[in-house]
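Residue strings, one per chain:
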Amino acid sequence: MSLKRIVLRDFVIISELELDLENGFSVLTGETGAGKSILIDALQLVTGARSDTGLIREGASRTDVSAEFGECTALLGWLEEAGFNPGFDPGFTLLLRRTVDTQGKSRAWINGSPATATQLRELGERLFDIHGQHAWQSLTRAEAVRGLLDAYAQLDTSPLTQSWQQWRDTQTTLEEARKAQDTLQRERERLGWQIGEIEKLAPQAGEWETLNTDHSRLAHAQALLDAAQGALDALEGEDGGAAHALGSARQTLQNQEHLEPEFKSLAEVLNSSLAQVEDSVHSLRAYLRRTDLDPERLAELDARMTSWMSLARRYKRPPEELAATLAGWKEELAKLDTAADLAALESAEQQARAAYMKQAQAVSKARATAAPKLAQAITQAMQGLGMQGGRFEVTLQKAEHPMQSGLEEVNFLVAGHAGSTPRPVGKVASGGELSRIALAIAVTTSQLGTAQTLIFDEVDAGVGGAVAETVGRLMKQLGRDRQVMAVTHLPQVAACADHHLVVAKQRQGAQTLSTVTPVQGEARVAEIARMLGGERLSSTTLAHAKEMLQSGS
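Notes on the structure in this doc start here. The residue count restarts for each chain, going from 1 along the sequence in the order it is written. Side-chain atom pairs in this predicted model are given and counted only at pLDDT of 80 or more, local residue features only at pLDDT of at least 70, and totals for whole chains, interfaces and linings cover all residues. Here the side-chain values reflect all heavy atoms present in the structure, with hydrogen atoms and water set aside.

## Some remarks on helix α7 (residues 207–219)
Here comes step 1: Elements are defined by DSSP. Helices are runs of H or I of four residues or more, strands are runs of E of two residues or more, and each kind is numbered from the N terminus. Helix span, expected: 1.5 Å multiplied by one less than the number of residues in the helix. Look at α7: 18 Å from first C-alpha to last across 13 residues, which is about the 18 Å you get at 1.5 Å a residue.
Here comes step 2: Every residue pair with non-hydrogen atoms within 4.5 Å of one another is taken to be in contact. Close packing links the buried residues of α7 with α8 (221–235) and α11 (295–314).

## Considering the packing of aromatic side chains
Here comes step 1: Note on aromatic contacts: the rings of Phe and Tyr and the six-membered ring of Trp form a pair at centre separations within 6.5 Å, being stacked when their planes are under 30 degrees apart, edge-to-face when over 60 apart, and tilted otherwise. A complete count under the given rule lists 7 aromatic pairs for this structure.
Here comes step 2: Ring geometry for Phe-69 against Phe-128: centres 6.4 Å apart, planes inclined by 15°, an arrangement best described as stacked. Pair noted here: Phe-69 is in strand β4 (residues 62–69) and Phe-128 is in strand β8 (residues 128–132), with a separation of 59 residues, a long-range link. Taken individually, Phe-69 and Phe-128 each receive the classification buried, so the pair is uniform in this respect.
Here comes step 3: Here the aromatic cluster, defined as three or more aromatic residues joined through ring pairs, consists of Trp-164, Trp-167 and Tyr-356.
Here comes step 4: Distance and angle both matter: a charge sits over a ring if NZ of Lys or CZ of Arg is within 6 Å of the ring centre and within 35 degrees of the ring normal. Against the face of Trp-109 rests Arg-97, its NZ or CZ located 4.7 Å from the ring centre. Buried, partly exposed and exposed residues are distinguished by accessible area as a fraction of the type maximum, computed with a 1.4 Å probe on protein chains only: under 20%, between the cut-offs, and over 50%, respectively.

## Side note on the nonpolar core
General note: in soluble globular proteins, nonpolar side chains tend to be found buried as a group.
Here comes step 1: Membership of the largest hydrophobic core comes to 49 residues, with the highest contact counts inside it found for Phe-25, Phe-392, Val-394, Phe-412, Phe-456 and Met-475.
Here comes step 2: Ranked by residue count, the leading element in this core is helix α13 (residues 342–383), at 7 residues.
Here comes step 3: Apart from the residues lying within four places of it in its own chain, the contact partners of Val-394 are Leu-149, Ala-371, Leu-374, Ala-375, Val-410, Asn-411 and Phe-412.
Here comes step 4: Only buried residues count toward a nonpolar core. Its members are Ala, Val, Leu, Ile, Met, Phe, Trp, Tyr and Cys residues joined through side-chain atoms within 4.5 Å. Counting residues in hydrophobic clusters, the runner-up holds 44 residues, among them Phe-11, Val-65, Leu-76 and Trp-78.

## Structural notes on the environment of Gly-419
Here comes step 1: Here Gly-419 is to be found in the loop between β10 (406–415) and β11 (423–424).
Here comes step 2: When its relative accessible area of 80% is taken as the criterion, Gly-419 is described as exposed.
Here comes step 3: Sequence separation of Gly-419 and Gly-390 is 29 residues, and the distance between their C-alpha atoms is 8.4 Å.

## Quick notes on unusual backbone geometry
Here comes step 1: You will see that Val-12, though not glycine, has its phi angle at about 55°, which is positive.
Here comes step 2: Even without a glycine there, the phi angle at Asn-111 is positive, about 50°.
Here comes step 3: Mapping Asn-111 onto the fold places it in the loop between β6 (106–110) and β7 (113–115).

## What about the sheet that holds β11?
Here comes step 1: Strand order in this open sheet of 3 strands is β9-β10-β11, and the pairing throughout is antiparallel. Each having just a single partner strand, β9 (391–403) and β11 make up the two edges of the open sheet.
Here comes step 2: A pair of strands is treated as paired once DSSP finds two or more bridges between them. Alignment of β10 against β11, held across 2 bridges, turns out to be antiparallel. What sits directly across from Val-414, in β11, is Arg-423.
Here comes step 3: A fitted line through C-alpha atoms serves as each axis, taken over the contacting stretch for helices, and the angle formed by two N-to-C directions is quoted from 0 to 180°. The strands that α13 touches are β9 and β10; relative to β9, the one it contacts most, it runs at about 160°.

## A word on the side chain of Thr-170
Here comes step 1: One can find Thr-170 in helix α5 (residues 158–179).
Here comes step 2: Of note is the side chain of Thr-170, whose polar atom sits 2.7 Å from the backbone oxygen of Trp-167.
Here comes step 3: Beyond its immediate sequence surroundings of up to four residues, Thr-170 is in contact with Ala-348, Glu-349 and Ala-352. Under the rule applied, a polar contact is a pair of N or O atoms within 3.5 Å (in protein, one hydrogen donor and one hydrogen acceptor; residues adjacent in sequence only if both atoms are side-chain atoms).

## Examining the environment of Gly-77
Here comes step 1: Note that Gly-77 resides in helix α2 (residues 76–81).
Here comes step 2: On a C-alpha basis, the gap between Gly-77 and Ala-360 in space is 31 Å, while along the polypeptide they are 283 residues apart.

## With respect to the sheet that holds strand β5 (residues 94–101)
Here comes step 1: Spatial ordering of the open sheet is given by β2-β1-β4-β5-β6-β7, a layout of 6 strands whose pairing is antiparallel. The open sheet is flanked by β2 (14–20) and β7, the only strands paired with a single partner. The sheet shows a mean angle of 15° between the axes of neighbouring strands, direction not considered.
Here comes step 2: By the bridge criterion, 5 bridges tie β5 to β6 in an arrangement that is antiparallel. Of the residues in β6, the one forming a bridge with Val-100 is Ser-106.

## Some words on α8
Here comes step 1: Compared with an ideal rise of 1.5 Å per residue, which puts 15 residues at 21 Å, α8 spans 21 Å between its outermost C-alpha atoms and is within 8% of the ideal.
Here comes step 2: Of the residues making up α8, those classed as buried are Ala-221, Leu-225, Ala-228, Leu-232 and Leu-235. Looking straight down α8, one finds that the buried residues subtend no more than 95° of arc, so they occupy a single side.
Here comes step 3: Elements in contact with the buried residues of α8: α7, α9 (241–256) and α10 (262–290). The directions considered for the arc are those from the helix axis to the C-beta atoms.

## Some remarks on the pattern of salt bridges
Here comes step 1: When a carboxyl oxygen of Asp or Glu is within 4 Å of a side-chain nitrogen of Lys or Arg, the pair counts as a salt bridge. Taken as a whole and judged by the stated rule, the model has 19 salt bridges.
Here comes step 2: Put simply, Lys-330 and Glu-199 hold a salt bridge, and the shortest N to O gap is 3.0 Å. Linking Lys-330 in helix α12 (residues 322–340) with Glu-199 in helix α6 (residues 181–201), this pair joins segments that are 131 residues apart in sequence.
Here comes step 3: Each of Arg-5, Arg-9, Glu-16, Glu-18 and Asp-20 takes part in a single network of salt bridges with overlapping partners.

## Side note on the pairing of strand β12 (residues 453–457)
Here comes step 1: Most of β12 sits out of view: 5 of its 5 residues are buried.
Here comes step 2: The side-chain alternation of β12 yields two buried faces, one formed by Thr-453, Ile-455 and Asp-457 and the other by Leu-454 and Phe-456.
Here comes step 3: As paired strands, β12 and strand β13 (residues 483–487) are joined by 5 bridges and run parallel to one another. Looking at β13, one finds that Asp-457 is bridged to Val-487.

## Observations regarding the packing of α8 against α10
Here comes step 1: Direction vectors running N to C along α8 and α10 enclose 145°, while the axes themselves pass 10 Å from each other. When the axes of α8 and α10 are compared, the crossing they make is left-handed. Where α8 abuts α10, its residues Leu-224, Leu-225, Ala-228, Gln-229, Ala-231, Leu-232 and Leu-235 lie against Val-277, Ser-280, Val-281, Leu-284, Arg-285, Tyr-287 and Leu-288.
Here comes step 2: Here the term charged refers only to Asp, Glu, Lys and Arg, the term nonpolar to Ala, Val, Leu, Ile, Met, Phe, Trp, Tyr, Cys and Pro, and the term polar to all other amino acids, Gly among them. For the contact of α8 with α10, a count of residues per class yields 11 nonpolar, 2 polar and 1 charged. In this scheme, a crossing is called left-handed if the near helix is turned counterclockwise away from the far one by less than a right angle; it is called right-handed if the turn is clockwise.

Note that all results are geometric; they support no functional claim without further evidence.
Below, the structure written as structure tokens:
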């Protein structure tokens, strides 16, 4: 996942730039004020940094930044989850682009699809790590210090965070229940009385429709009985009724069907009709046998429906919803009973606390194991950076109370030289020491992340001589299995690079523009010589530059 190409349009003092980058260790050098850090600013913009109209070149309407990363198959899962369809090309290339206009409007794309700044930022965290010249400042922040130790310990603290939140939730629920006991009791009593009233009726789901149907039938029972008897009389009255007439008609046709074949089909139709009439007669007789006026049942239904309507009006509910209302109130009362059960809530809070403490103690153990190892690794890196005898310590101090981050506070202490007492990083007086400590930490921790591109922005400020050469060799070593880019003013560091880019300012009319140019051979020797002795190149500085390049290769 290395950076292959970056394209800038109207960015700060760069009019147009298309730059191809290589793997290994690359340096960017140039005069003070030439804009050596512009490329880093552009990379931060295209990976979700806050947009700013000040990044637009004067006179331009917008700035446009694109960055291309190669071999990004490790990001396919993230891209698919985020809604981008990358396909499954083994040599998958990732293209990020962002524009900012003079109105402050920002637009972003991932492989040509619109994206948000947050999505760019999430990708940037996976693509590269930037170590700035003021990296030590973050080491004064507790969360940054703790994050470095946890990363070194390869510690996943998400279960701890989750158990902390669950504990806090149970604490909040318990506290609210204690404060609301009087209100809860009154609400429980109200619901209990209402439930008791409706339970006397004991309405069932769907019962209201059944009551209406039964009541309507009983209320019109006499009319229904008369209708059934009238229909039966019509079908089989004293003169035989319709059944007798159909039978006679069928027989008449059957008697003549030997003369007229068509009568046979008509007789069959009449025969079918007669069968249906007989079925209807059977059903009507059964209805008359089982149906009576039943005034007692009708009175019962009247009374139940009256009570039902009374409760529905009292609680302002449609009659058909009374059973559902009762069920809802019972659920609500059960919740109130649970909320009022302080013993159960206290038990839940204690269980959540125990779960948090189990997670926190496991995290504490892992931190205690990793702390001396991290301290030793950084101490060892300090020895090669002109701080012989210096010592780095990682201390764990028990917190006054449990925290989301655990049971201890993590502190970084440093002693710049032998015999001195370790002190907090932020209280180390020397700026050079601060830079070198930050560099030692950067070199030690840069191998922890998954990002394949490491960017060092003048982290070598405040160092020189043999220490500078050591810094260069450390970065070259890192560049063997990752892409490393460094903005530097030190010739010793630049001489160790695999690739060298020079940033220069040029006048074009009334404007000053910056260019970025790869240099090799004599041009690179001249740039190293300039870094050694200034603009006036002498045979001595040129010879020294050649010697440094030979020893750094």
